[in-house]
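Residue-level structure breakdown
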Amino acid sequence: MSRKVEITVGLFMVLVICSVLFLCFRVTDPTSFASHNSYRVYAVFDNIGGLKARSPIKIGGVVIGRVSNITLKSSDLDVYKPYVTIDIDAQYNQIPVSSSLSIKTSGLLGEQFIDINFGLDKSTELELDSLDSEGTSNNLPTNNHEPAYFHDGFVIYNTKPAMVIEDLIGQFLYSSGGSTDDKNKKQDTQDINEN
């Protein structure tokens with residue numbers, strides 16, 4: 001009888017270990033551990049909220065890279081700003097330099113990620129500029145030295161800071177508390193005037 005119990009407990013433990021391993025692989029992205037060809041860009045934000053290393057970089061909800069490092073740097077030795085190092089998969093090498101980055105949250109209390117909002121590529125910008133200048137006689141200068149797409153070592157300044165939910169709640173409570181105080185003061189003033 002004890003041999004049968006030992007076999008049952010052993011099978012149960014194997015089943016539990018397999019279930020835990022399955023859940024671990026479902027929650028994490030096993031392909032993220034493999035080495036991919038990637039290029040590194042940098043972004044300067046005013047506020048990163050709860051962004052962490054290994055946070056995803058997304059375009060339209062599709063993960064194209066990860067945050068590799070976050071530091072605090074000063075451009076003019078006076079103002080410190082978060083400096084985010086981003087690794088983007090090499091297959092996504094056609095992201096225009098006029099694109100902007102914003103920090104968003106998955107759901108109400110989910111993880112934070114960086115969302116890339118596509119800008120115009122250089123050829124479209126030049127085409128629009130030429131259409132704008134058709135009626136004028138002066139020619140617009142074209143800067144062909146500036147790269148058209150994100151590349152290794154590129155620094156992105158066109159960023160939007162994270163919305164910190166605690167700050168939003170505090171602003172809401174402060175504004176609603178202020179309006180209640182104003183109503184109470186008006187009511188007290190009316191009561192005094194009536195007497």
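See above for the structure.
My aim in this report is to walk through the structure given alongside it, one point at a time. Here the residue numbers are simple positions, counted from 1 along each chain's written sequence. Only residues with pLDDT of 70 or above have their local features reported here, since the model is predicted, and side-chain atom pairs are shown and tallied only from 80 upward, although totals for entire chains, interfaces and linings are computed over all residues. Values reported for side chains reflect all heavy atoms of the structure, with hydrogen atoms and water molecules removed beforehand.

Side note on the overall build of the protein chain
Within the protein chain, the regular secondary structure consists of three helices and eight strands. For the protein chain, the residues scored as buried account for 21% of the 195 residues in total. Pairs at least 24 apart in sequence give 64% of the contacts found in the protein chain among residues at least 6 apart. All accessible-area figures derive from a Shrake-Rupley calculation using a 1.4 Å probe, and residue coverage is judged against the displayed protein chains alone. Entry remark: accessible area of the protein chain is about 14200 Å², with carbon and sulfur atoms responsible for 57%. Secondary structure follows DSSP: runs of H or I at least 4 residues long count as helices, runs of E at least 2 residues long count as strands, and numbering of each begins at the N terminus. Under the scheme applied here, a residue whose accessible area is under 20% of the maximum for its type counts as buried, over 50% as exposed, and between as partly exposed, the area being computed with a 1.4 Å probe on protein chains only. Two residues qualify as a contact provided that any one of their heavy atoms is within 4.5 Å of a heavy atom in the partner residue.

A look at the layout of surface pockets
Cavity and pocket criteria rest on a 1 Å grid covering protein atoms alone: a 1.4 Å probe that fits but cannot get out defines a cavity, protein on both sides within 12 Å along at least 5 of 7 lines defines an open pocket, and an atom within 4 Å of a point defines a lining residue. Grid points are joined across faces, edges and corners, and a volume is the space filled by probe spheres set on the points. Each pocket or cavity is described by its volume, and for the largest pocket that value is around 440 Å³. Taken together, 25 residues form the lining of the largest pocket, with Thr105, Gly110, Glu111, Gln112 and Met163 sitting closest to its centre. Taken together, the elements giving at least two residues each to the lining of the largest pocket come down to strand 5 (100–105) and helix 3 (165–194). Classification convention: Asp, Glu, Lys, Arg as charged; Ala, Val, Leu, Ile, Met, Phe, Trp, Tyr, Cys, Pro as nonpolar; all other residues, Gly among them, as polar. Its residues assigned to classes, the lining of the largest pocket comprises twelve nonpolar, seven polar and six charged.

What about the packing of aromatic side chains?
Ring pairs shown here join Phe, Tyr and Trp side chains whose ring centres sit within 6.5 Å, with only the six-membered ring taken for Trp; geometry is labelled stacked below 30 degrees between planes, edge-to-face above 60, and tilted in between. Scanning the model with the defined rule gives two aromatic pairs in all. Judged by centre distance (5.5 Å) and plane angle (20°), the rings of Tyr42 and Tyr83 are stacked. Within this pair, whereas Tyr42 is found in strand 1 (residues 38–44), its partner Tyr83 is found in strand 4 (residues 80–89), the two being separated by 41 residues in sequence. We note Lys58 situated over the ring of Phe113; from NZ or CZ to the ring centre the distance is 4.4 Å. The criterion is that NZ of a Lys, or CZ of an Arg, lies within 6 Å of the ring centre and within 35 degrees of the ring normal, and then a charge sits over that ring.

Some details on unusual backbone geometry
Of note in this structure, Arg54 is not a glycine but carries a positive phi near 75°. When you line up the elements, Arg54 lands in the loop between strand 1 and strand 2 (56–59). Exposure remark for Arg54: the relative accessible area of 45% places this residue in the partly exposed category.

Observations concerning the pattern of salt bridges
Note that side chains of opposite charge can pair when their charged atoms are close. When a carboxyl oxygen of Asp or Glu is within 4 Å of a side-chain nitrogen of Lys or Arg, the pair counts as a salt bridge. Taken as a whole and assessed by the stated rule, the structure comprises three salt bridges. Residues Asp46 and Lys81 are paired through a salt bridge, measuring 3.0 Å at the closest nitrogen-oxygen approach. Of this pair, Asp46 sits in the loop between strand 1 and strand 2 while Lys81 sits in strand 4, and the two are 35 residues apart along the sequence. The class of Asp46 is exposed, set by a relative accessible area of 55%. With a relative accessible area of 32%, Lys81 lands in the partly exposed category.

Remarks on the sheet that holds strand 4
Strands in a sheet are paired, the pairing made by backbone hydrogen bonds, and the direction either parallel or antiparallel. Overall, mixed pairing links the eight strands, which are arranged 7-1-4-3-2-6-5-8 in an open sheet. Each having just a single partner strand, strand 7 (155–156) and strand 8 (159–160) make up the two edges of the open sheet. Criterion used throughout: strands pair if DSSP finds at least two bridges between them. Examined bridge by bridge, strand 3 (residues 62–74) and strand 4 share nine bridges and lie antiparallel to one another. Each bridged residue has a counterpart across the sheet, and for Gly65 the counterpart in strand 4 is Ile88.

Things to note about the nonpolar core
Within soluble globular proteins, side chains that are nonpolar generally end up buried alongside one another. Core analysis: the largest hydrophobic core is formed by 23 residues, its most contacted members being Ile86, Ile88, Ile114 and Phe150. Elements with a contribution of two residues or more to this core: strand 1, strand 2, strand 3, strand 4, strand 5 and strand 6 (112–117). Excluding residues within four positions of it along the chain, Ile88 makes contact with Asn37, Ser38, Tyr39, Val41, Ile64, Gly65, Ile95, Ile116 and Phe150. Grouping buried Ala, Val, Leu, Ile, Met, Phe, Trp, Tyr and Cys residues that are joined through side-chain atoms within 4.5 Å yields what is termed a nonpolar core.

A few points about the environment of Leu109
Inspection of the secondary structure assignment puts Leu109 in the loop between strand 5 and strand 6. Assessed through its relative accessible area of 73%, Leu109 is described here as exposed. Expressed as a C-alpha distance, the spacing of Leu109 and Ile165, which sit 56 residues apart in the sequence, is 8.9 Å.

Let's talk about a nonpolar patch on the surface
Excluding any residue in a salt bridge, patches collect residues exceeding 30% relative accessible area, merging like charges within 9 Å and nonpolar Val, Leu, Ile, Met, Phe, Trp and Tyr side chains within 5 Å. A cluster of nonpolar side chains, Val5, Val9, Phe12, Met13, Val16 and Val20, forms an exposed patch at the surface whose accessible area comes to about 520 Å². The topology assignment puts Met13 in helix 1 (residues 2–27).

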